[in-house]
Amino acid sequence: MLKVIYPTDSYGQFCGQKGTPNAKKSILFYFNILKCANPAVLINLQCPTTQMCVSKCPDRFATYTDMQLQYQITAAPWEYYRRFCKPGFNNPTKPVAQVLRDEDCPSMIVPSRPCKYSKKKLQQLAGNKEEVMILNDLVYHGITGLVDAKEVGMKIVEDYAASWNWILIGLVIALVVSLIFILLLRFTAGLLLWFTIIAVILVIAYGIWHCYLEFSLLRQQPGADVTIVDIGFQTDVTVYLHLSQTWLIFLIALCTIEASILIILIFLRKRVRIAIALLREGSKAVSYIMSTLFYPIITFLLLAICISYFSVTSVFLASSGDAIYKVMAAEPNCMYANKTCDPETFNKTNVSKTCPGAQCTFAFYGGETPYHRYLFILQLSNLLIFLWLVNFIIALGQCTLAGAFASYYWARRKPQDIPTCPLFSSFSRAIRYHTGSLAFGALILALVQMARIILEYLDSKLKGASNVAARFLLCCLKCCFWCLERFIKFMNRNAYIMIAIYGKCFCTSARDAFCLLMRNVVRVAVLDRVTDFLLFLGKVLIAGSVGVIAFFFFTHKIPIVQEDVPTLHYYWVPLLTVICGSYLIAHGFFSVYAMCVDTLFLCFCEDLERNDGSPEKPFLMSAELHSILRKTEHH
């Protein structure tokens, strides 16, 4: 794990690792940063210059030659300069040529600070005495972007370590709110869903007003017209909030969302009422099988185990191997350049004699065995297994819930004829009889998702390419695979319902479900999307409300608990975690309702085809459900 998080110096030691001499030295310093532009970086994945851990960057400009001249007068320049030399080196009178050849010290040190200059600022400072320093900052930060990313990653890990308990409290609050929401849905489905719709509309309307107000104020301030592209990536998100373009983007996005919701409600208001009635009927089934509300916890635990396995395996693969050292030659024609070496025996070899100034420097962690050469393939295999396991866990949950709700639907007398422990019985059947079908459907979806990930990777590699035809073809493939993934998810979901009802294999169940849906395509078009839309608004309301509370907490705006708020580098790290986690928790609970509605709908369609309502073949649906879904034929 340390090999992935912490930067590593030329001796293979970790910068900033607690319990080591480098505990307070978390910054990686390069003797000659310009050497990082050498093509050898692409081969060795390591900059061919000495690197060492320091506590802070230089804050002054100095050269080794000037330091030696001043050393004859006072030792103060040397005491500062030696901080950036190799540990243990204390010979300021050593000739400059030998020092630079052996890389005992850097030839110069350049002051460094965070680079936040816009194009206008650079133009204003052109010709100024600070121009050289700014340009040095631009070069330095541009080349060391990867190192900065590692430092940001370390700070994010520290933020998680400092706020994990508060993140868990926020997720527990989201869990309680979601549970209360679903329990209220049983008794006040219509009122609660209409309240959710109106609340979301009002919240978005407030967001539009606030974004317009901020945009109007910033548009009048000088310097706020700098674009996001000009300032680039910044870890401090408050920098973007001082730009008028940021609020304009928010404004356009919120207006689009608000208009979409209003259009849906205006043109589909009758279907919204039917969908609300269907959710009310589904809440009855949930009330008779209350254990289904807690099944998402089982799914969450299984997914947590799966994610933990994937993460641990990925970290072990990424950090496997020993420290590899290679010869870094000062001369370009050295025959030993980029060859592996042993730092303990390097001085005893003839490499230093053949190539003066050559050093045995740490390159990377890994190896040169076939195992290490195929690490990328192993990582892809690990990713495929992860996707397969995740989709299997989701398929198991869908099949289990479908079996439980199907037992409710096909019971002649409700709730007397509902089997005892329907959820446990359905879970046992799925594990015992349908594991192969669920695994097969999950594998198909995992292969499509894997193809999409590979296409995204290729697209990122071809962003700078000038081949328009290749980019166009790749874009078409991405679109096709996205549509294919959506279609397979839809078909798998309905296939699992048919598996839970009849117990047939995956292919047969998928075919039967597809034919049944095509024979009832009007009802599908009416109810499927509208029901998902209403449940989506509920998820947004829960995640948004918990997110607002978390925002005020982590920004020290709640006076009661202000002293308990941990000190963080980036408050958006726990904030985004709480918002995303709250949405996933709400999604877990609402997925029970969505599965209930889909199961009742397929059972209803099957009931209509198998029975005609006569005493010999009575409908097994409730009278209210029959009246609800019959309305869809007229809308």
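Please refer to the structure higher up on the page.
In this text, all values refer to a predicted model and were calculated from it rather than measured experimentally.

Each value, and the rule that gives it
Residues numbered from 1 in each chain as written. Predicted model: local features only at pLDDT ≥ 70, side-chain atom pairs only at ≥ 80, totals over all residues. Heavy atoms only, no water. Disulfide = S-S within 2.5 Å. Helix = DSSP H or I, 4+ residues; strand = E, 2+ residues; numbered from the N terminus. Buried < 20%, exposed > 50% of the residue type's maximum accessible area, 1.4 Å probe, protein only. Pairing = 2+ DSSP bridges. Core = buried A, V, L, I, M, F, W, Y, C linked by side-chain atoms within 4.5 Å. Contact = heavy atoms within 4.5 Å. Salt bridge = Lys/Arg side-chain N within 4 Å of Asp/Glu carboxyl O. Patch = residues over 30% accessible without salt bridge, like charges linked within 9 Å, V, L, I, M, F, W, Y side chains within 5 Å. Areas by Shrake-Rupley, 256 points an atom, 1.4 Å probe, with all protein chains shown as cover. Phe/Tyr/Trp six-rings, centres within 6.5 Å; stacked < 30°, edge-to-face > 60°. Expected span 1.5 Å × (residues − 1). Arc of directions from axis to C-beta. Polar contact = N/O pair within 3.5 Å; in protein donor to acceptor, adjacent residues only side chain to side chain.

Honestly, the state of the cysteines in this entry has me stumped. Any pointers?
Here the structure, examined in full by the defined rule, presents three disulfides. The disulfide that involves Cys 334 links it to Cys 355, with 2.0 Å between the sulfurs. Disulfide Cys 334-Cys 355: torsion about the S-S bond near 95°, hence right-handed. Of this pair, Cys 334 sits in the loop between β5 (322-328) and β6 (340-341) while Cys 355 sits in the loop between α14 (351-354) and β7 (359-366); the two residues are 21 residues apart in sequence, bridging distant segments of the chain. The disulfide that involves Cys 341 links it to Cys 360, with 2.1 Å between the sulfurs. Linking Cys 341 and Cys 360, the disulfide has an S-S dihedral of approximately 105° and is accordingly described as right-handed.

Looking at this structure, I do not really get the pairing of strand β2 (residues 51-54). What am I missing?
Residues Gln 51 and Cys 53 of β2 are buried on one face, and the alternating residues Met 52 and Val 54, pointing to the opposite face, are buried as well. Pairing of strand β1 (residues 27-30) with β2, which is carried by four bridges, proceeds in the antiparallel orientation. Across the sheet, the residue bridging to Phe 29 is Met 52, located in β2.

Whenever I open this one, the nonpolar core confuses me. Can you help?
Across soluble globular proteins, nonpolar side chains show a tendency to be buried alongside one another. By size, the foremost hydrophobic cluster in this structure holds 95 residues, and its most contacted members are Ile 261, Phe 405, Tyr 409, Leu 438 and Leu 534. Looking at this core, the element that brings in the most residues is helix α22 (residues 572-610), giving 19 residues. Ignoring sequence-local partners within four residues, the contact set of Leu 534 consists of Ile 197, Val 272, Ala 275, Ile 276 and Leu 279. Within the second largest apolar cluster, 17 residues are counted, among which are Phe 29, Phe 84, Phe 89 and Ile 109.

Explain the pattern of salt bridges to me, please; I cannot follow it from the model alone.
Between side chains of opposite charge, pairing is possible as soon as their charged atoms come close. Tallied over the full model, the rule gives ten salt bridges. Its salt-bridge partner being Asp 104, residue Lys 94 comes within 2.7 Å of it at the nearest N-O pair. Placement of the pair is Lys 94 in the loop between α4 (76-81) and α5 (96-102) and Asp 104 in the loop between α5 and β4 (108-109), with a sequence separation of ten residues. This pair shows no difference in class: Lys 94 is buried, exactly as Asp 104 is. Here Asp 459 ties to Lys 478 by a salt bridge, and the two come within 3.2 Å at their closest N and O atoms. Of this pair, Asp 459 sits in helix α18 (residues 435-461) while Lys 478 sits in helix α19 (residues 468-502), placing them 19 residues apart in sequence. Asp 459 gets classed as buried once you look at its relative accessible area, which sits at 12%. In the salt-bridge network here, residues are joined through shared partners; they are Arg 452, Glu 485 and Lys 489.

Can you walk me through the environment of Pro 77 in this structure?
With respect to the helices, strands and loops of the structure, Pro 77 is situated in helix α4. Note: C-alpha distance between Pro 77 and Met 67 (ten residues apart in sequence) is 5.9 Å.

Would you mind going over a nonpolar patch on the surface with me for this structure?
A cluster of nonpolar side chains, contributed by Tyr 374, Phe 376, Ile 377, Ile 454, Tyr 457 and Leu 458, occupies part of the molecular surface with about 610 Å² of accessible area. Those elements that provide at least two residues to the nonpolar patch are α16 (375-409) and α18. Sort the elements by how many residues they give to the nonpolar patch and α18 lands first, with three residues. Of note, Ile 377 is situated in helix α16.

Looking at this structure, how should I read the packing of aromatic side chains?
Two aromatic rings are characterised by how far apart their centres lie and by the angle between their planes. Evaluation of the coordinates by the stated rule reveals 15 aromatic pairs. Judged by centre distance (5.2 Å) and plane angle (50°), the rings of Phe 29 and Phe 84 are tilted. Of this pair, Phe 29 sits in strand β1 while Phe 84 sits in the loop between α4 and α5, and the two are 55 residues apart along the sequence. A relative accessible area of 6% places Phe 29 in the buried class.

I would appreciate a short explanation of unusual backbone geometry in the present structure.
Despite not being glycine, Cys 421 has its phi angle at roughly 50°, a positive value. Mapping Cys 421 onto the fold places it in the loop between α16 and α17 (422-433).

How should I be thinking about helix α20 (residues 506-519) in this particular structure?
Side chains three or four residues apart in an α-helix point the same way, a direct result of the helix having 3.6 residues per turn. Between its first and last C-alpha atoms α20 spans 20 Å; for 14 residues at 1.5 Å apiece the expected length is 20 Å, and the two agree. Burial in α20 covers these residues: Phe 506, Ser 509, Ala 510, Ala 513, Leu 516 and Leu 517. One face of α20 carries all of its buried residues, which in axial projection span an arc of 135°. Along α20, exposed side chains directed more than 90 degrees from the buried face belong to Arg 511 and Arg 519.

Teacher, can you tell me more about the environment of Ala 543 here?
Summarising the element assignment, Ala 543 is placed in helix α21 (residues 521-554). Judged by relative accessible area, which is 6%, Ala 543 ranks as buried. For the pair formed by Ala 543 and Val 578, sequence separation is 35 residues and the distance between their alpha carbons is 8.3 Å. Discounting chain neighbours no more than four positions away, the residues touching Ala 543 are Ile 579, Ser 582 and Tyr 583.

What am I meant to see in the side chain of Asn 391 here?
As for its position among the elements, Asn 391 is in helix α16. Within polar-contact distance, the side chain of Asn 391 engages the side chain of Gln 449 at 3.0 Å. Here Asn 391 is in contact with Ala 442, Leu 445, Ala 446 and Gln 449, once residues within four sequence places are set aside.

Looking at this model, I keep getting lost on the environment of Cys 211. Mind explaining?
Here Cys 211 is to be found in helix α9 (residues 189-219). With a relative accessible area of 5%, Cys 211 lands in the buried category. For Cys 211, the contacting residues outside a window of four places in its chain are Trp 247, Phe 250, Leu 251 and Leu 254.

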